[in-house]
Amino acid sequence: MTATTDNNKLQYKFLFLLSTVYLAIDLNVQGFLSLMPFIVEEFQITRAVAGLYFTCYFLIATIIAIFSGRIADTIGSKKGTVIGILAVGAFFIVHGLAPYFFVILILAFFTGLAFSIITPSLNKAVMDKVGRKNRATSMGIIQMGGSVGGFLGASLLPLLAEKFGWRMGIVIAGILAIGIGLIIHRYYREKNSHHEQRNDAGYTRLTFTDSFKILLQNRKLLIVCGLGLALGTSIGAIPAHYTMYVTQDLNTTRTLAGFSLGILQIGGMVGRPGWGWISDKFLHGSRIRGLMLVGGSLALVTLIFAIYITRYNPSLFLIGLSSFILGIIAMGWMGLFFTTVAELVSPRLTGIGTGFALVFTRTGAVISPPVFGYIADVYGSYLFSWLAMSLVVFVLTLIFIFASKNG
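What counts, and at which threshold
- Starting from 1, residues in each chain are numbered consecutively following that chain's sequence as written.
- With pLDDT at 70 or above as the cut-off, local features in this predicted model cover only qualifying residues; side-chain atom pairs require 80 or more to be listed or tallied, and sums for whole chains, interfaces and linings still use all residues.
- Calculation of side-chain values draws on the structure's entire complement of heavy atoms; hydrogens and water are dropped beforehand.
- Helix and strand assignments follow DSSP, with helices taken as H or I runs no shorter than four residues and strands as E runs no shorter than two, numbered in order from the N terminus.
- Relative accessibility thresholds used throughout: buried, under 20% of the residue-type maximum; exposed, over 50%; partly exposed, between the two (1.4 Å probe, protein chains only).
- Identification of polar contacts relies on pairs of N or O atoms within 3.5 Å, with a donor-acceptor requirement for protein atoms, meaning one able to donate a hydrogen and the other able to accept it, and with residues adjacent in sequence counted only if both atoms are side-chain atoms.
- Contacts are residue-level and defined by heavy atoms, with any inter-residue pair within 4.5 Å sufficient.
- Stacked, tilted and edge-to-face are the three classes applied to pairs of Phe, Tyr and Trp rings, where Trp contributes its six-membered ring and a pair requires centres within 6.5 Å; stacked means planes under 30 degrees apart, edge-to-face means over 60, and tilted covers the rest.
- Put simply, a charge is over a ring when the Lys NZ or the Arg CZ is close to the ring centre, within 6 Å, and near the line of the ring normal, within 35 degrees.

Colleague: Which residues make up the side chain of Ser-297, and what are the values?
Modeller: Relative to the assigned elements, Ser-297 resides in helix H15 (residues 287–309). The exposure class assigned to Ser-297 is buried, which follows from its relative accessible area of 19%. Among the polar contacts made by the side chain of Ser-297, one reaches the main-chain carbonyl oxygen of Leu-293 at a distance of 2.8 Å. Aside from chain neighbours lying at most four places away, what touches Ser-297 is Trp-275 and Ile-329.

Structure follows, in structure tokens:
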């Protein structure tokens, strides 16, 4: 009874420790994206080519996501997390030494490969330690670290770039990631795996193929993953292009554009535990209704960016406010989404189940940045890019609602 009671409480020390992993990752990734105006200027590339960075980052991570999840189930959450974050930090340090943009794109592949094991490992850690009552909130809290890191990266790295150059900024961010990886290695204590095996001993007889077949037979999981494809477009295209959008369409400085991306991340920081809290407290633990609300809100806010924000010269206050709201919706859904996925599979399939869902969300993230940028290149602004995203999210959300009600 005591263990159950403890599991249902918010375990802040545990959650804070894990949140530093996402902080380090997004400090590097979102910080690097905030440097795109500097990188575009140095390498003289188009918006569509710049958007390829996020595509390359997620491409390999998408292809091997299921295998990465299986690895997390096999080696445990601690080893998966530590190996992943140390490798990500090392690769971003090398980013700062790259002489050509195509070299950066190659590095993006390897960085995404290292990142691929982190999310399944952290999701497994939360599912093993936290009870259902506060699970979505807890998942959101650890992912909130990503928004903090994204804000710091987007706000500070452009300032460092103005003074010391963009290369120095990303090298410093990579060193920080390695430092946090060493802290996780020192202080994170993983749940006893032998106890887990006694609770689900049959899992040890399942091959990878058997596990994969179980996932494919889970209709509810497939429905949720379909919506994940739409939601993934927001975490791909929006941060990849936001500084260029604010700079070129809204006519601001590069530093202010980086600050706007930081405000977007603050919105995500609020949204990640916020959506989980709404699901836990106000929707009586209904993850499906929560995801319906997220999808509808995302379709609406991207439509507003197309028909109002982009077309009318907004004030600095409106740019900041709209960035914050967009962040809550577009960058804040991951905790609720992955809680839903984890609860739809066996506890010992958490890693591979997360990897399976990541295939869908990362496919959206891989495809959307170059498409978003290409549409902007063709029409000379991001207006129709926002419209296209709104339409895609709206249609897939309607399909999700219909399939859920008939499932």
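Now that the structure has been shown, the text picks up again.
Colleague: Lay out unusual backbone geometry with the relevant residues and their values.
Modeller: Leaving glycine out, the prevailing phi sign among residues is negative, and the prevailing peptide bond configuration is trans. Despite not being glycine, Gln-44 has its phi angle at roughly 55°, a positive value. Phi is positive for Asn-251, which is not a glycine, with a value near 55°. Assessed through its relative accessible area of 62%, Asn-251 is described here as exposed.

Colleague: Requested: an account of the packing of aromatic side chains, with residues and values cited.
Modeller: Where two aromatic rings form a pair, the distance of their centres and the angle of their planes describe that pair. Enumeration over the complete set of coordinates arrives at 22 aromatic pairs. Summarising the aromatic geometry, the rings of Tyr-245 and Tyr-382 are spaced 5.8 Å apart at their centres and angled 85° between planes, so their arrangement reads as edge-to-face. Residue Tyr-245 is found in helix H13 (residues 219–248), and its partner Tyr-382 is found in the loop between helix H18 (350–379) and helix H19 (383–405); the two are separated by 137 residues along the sequence. Residue classification places Tyr-245 among the buried residues on the basis of a relative accessible area of 1%. Geometrically, the ring pair formed by Phe-372 and Trp-386 is edge-to-face, given 5.4 Å between the ring centres and 90° between the ring planes. Separated by 14 residues along the polypeptide, Phe-372 in helix H18 and Trp-386 in helix H19 bring together distant segments of the chain. Of the aromatic side chains, those joined through ring pairs into one cluster are Phe-32, Phe-43, Tyr-53, Phe-92, Phe-101 and Trp-166. The ring centre of Tyr-187 lies 4.9 Å from the NZ or CZ of Arg-186, which sits over that ring.

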